[in-house]
Amino acid sequence: MTDTYKLYAIKYGTHDPRPASQNFMNPPDPHDAPYPIDYFVWACVSENHTVVVDTGFNEHSGGRRGRTMFRCPVDSLRLIGIDPDEVTDVVVTHMHYDHGGNFDKFPKATFHIQDKEMSYITGRYMRYPALRNSFDADDVCELVRDLYKDRVEFHDGDDELFPGLTLHHVGGHTQGMQFVRAWTERGWVVLASDAMHLFANWQHKNPFPTVLHIGDMLEGHKKVVRLAETPEHVIPGHDPQVLEMYPAPSKDLEGIVIQVDLPPLKPVPQA
Ligand SMILES: [Zn+2]
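Residues numbered from 1 in each chain as written. Predicted model: local features only at pLDDT ≥ 70, side-chain atom pairs only at ≥ 80, totals over all residues.

A look at the sheet that holds strand E8 (residues 159–162)
As summarised here, the arrangement of the five strands in space is E8-E9-E10-E11-E12, forming an open sheet in which the pairing is mixed. Because the sheet does not close on itself, it has two edges, and the strands there are E8 and strand E12 (234–236). If you compare each strand with its neighbour and ignore which way they point, the axes differ by 25 degrees on average. Bridge count for strand E11 (residues 187–193) against E12 is three bridges, and the pairing is parallel. Bridging from a neighbouring strand, Leu191 pairs with Ile235 of E12. Each of strand E9 (165–169), strand E10 (178–184), E11 and E12 touches helix H6 (residues 214–227); the most contacted strand, E11, lies at about 155 degrees to it. (Pairing = 2+ DSSP bridges. Helix = DSSP H or I, 4+ residues; strand = E, 2+ residues; numbered from the N terminus. Axes fitted to C-alpha atoms, helices over the stretch in contact; angles between N-to-C directions. Contact = placed C-beta atoms within 7 Å.)

In structure tokens:
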């Protein structure tokens, strides 16, 4: 039996000011126009399962990169009734510092990651600062420690985590980049994470500049859209516009949490 999921995006940080040149390989003019991005963690909740998607950065890893952290991404899960101490499944879309930190705050969780991501973050490419800059060695070591405690589950390509919740490898941004697709009341919704940072990266075929393989990243945008019911079922990983597109689960969470299993209040913006 396929579960029907409620899906939440929680905004925990931002990078503002930030120039457009940091978001596009071929930035629009003027290159230094302000183009802030937001940081999120996500949760998929059904009758039978609670799955957290990504775990965010901490004060140190975000702070040293000039990012603003509004609230601890893990503690923020309590806002929607999730106790991180009891979470059993965490999907790690990829291990960049803003997605794969804070594992110590999930004492009971198994971390789901692609084979290719683990080999990437512990392999030869990490000799190059251009590729390793977005990772934190402490996060990688924590994941390896969890592996030795039997708390890492590997996925190779596309996989079903639970009925109604699937994982999809794309690569591109990192070697093992994966996204999540969940069955909801409005059909299949894709939590793209960094398989699509911003709607505009996909709309203009203009990739985000942090990238291992440009072709795989562009193909990844296509796969994200193909596996979603419609483009309005795609939730990009860093686009501040999603906050205006989707309703908050309650009045007091406005501006912090959105519920993306519900239909959008407005259409996908045309950038
Ligand atoms: Zn990211």
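Now that the structure has been shown, the text picks up again.
A few points about the environment of Glu117
Mapped onto the elements of the fold, Glu117 is located in helix H2 (residues 115–121). Taking the number of C-beta atoms within 10 Å as the measure of exposure, Glu117 has 24 and is therefore buried. With near-sequence residues (within four places) excluded, Glu117 lies in contact with His94, Met95, Thr174, Gln175 and Gly176. (Buried ≥ 20, exposed ≤ 12 C-beta atoms within 10 Å, placed from the backbone.)

Some remarks on the pairing of strand E2 (residues 37–45)
For E2, a buried count of eight out of nine residues is recorded, marking the element as mostly surrounded by other parts of the structure. Where E2 lies against strand E3 (residues 50–53), four bridges are found, and the strand directions are antiparallel. Note that in E3 the partner of Val45 across the bridge is Thr50. Taken together, E2 and the strand that follows it, E3, pair antiparallel across an intervening segment of four residues.

Structural notes on unusual backbone geometry
Cis peptide bonds are those with omega within 30 degrees of zero, and the linkage from Asp16 to Pro17 qualifies with 5 degrees. Within the secondary structure, Pro17 sits in the loop between strand E1 (6–15) and E2. Residue Pro30 is bonded to the preceding Asp29 through a cis peptide linkage, with omega at -15 degrees. Relative to the assigned elements, Pro30 resides in the loop between E1 and E2. A positive phi angle is found at Asp150, which is not glycine, with a value near 60 degrees. You can see Asp150 is positioned in the loop between helix H4 (137–147) and strand E7 (152–155).

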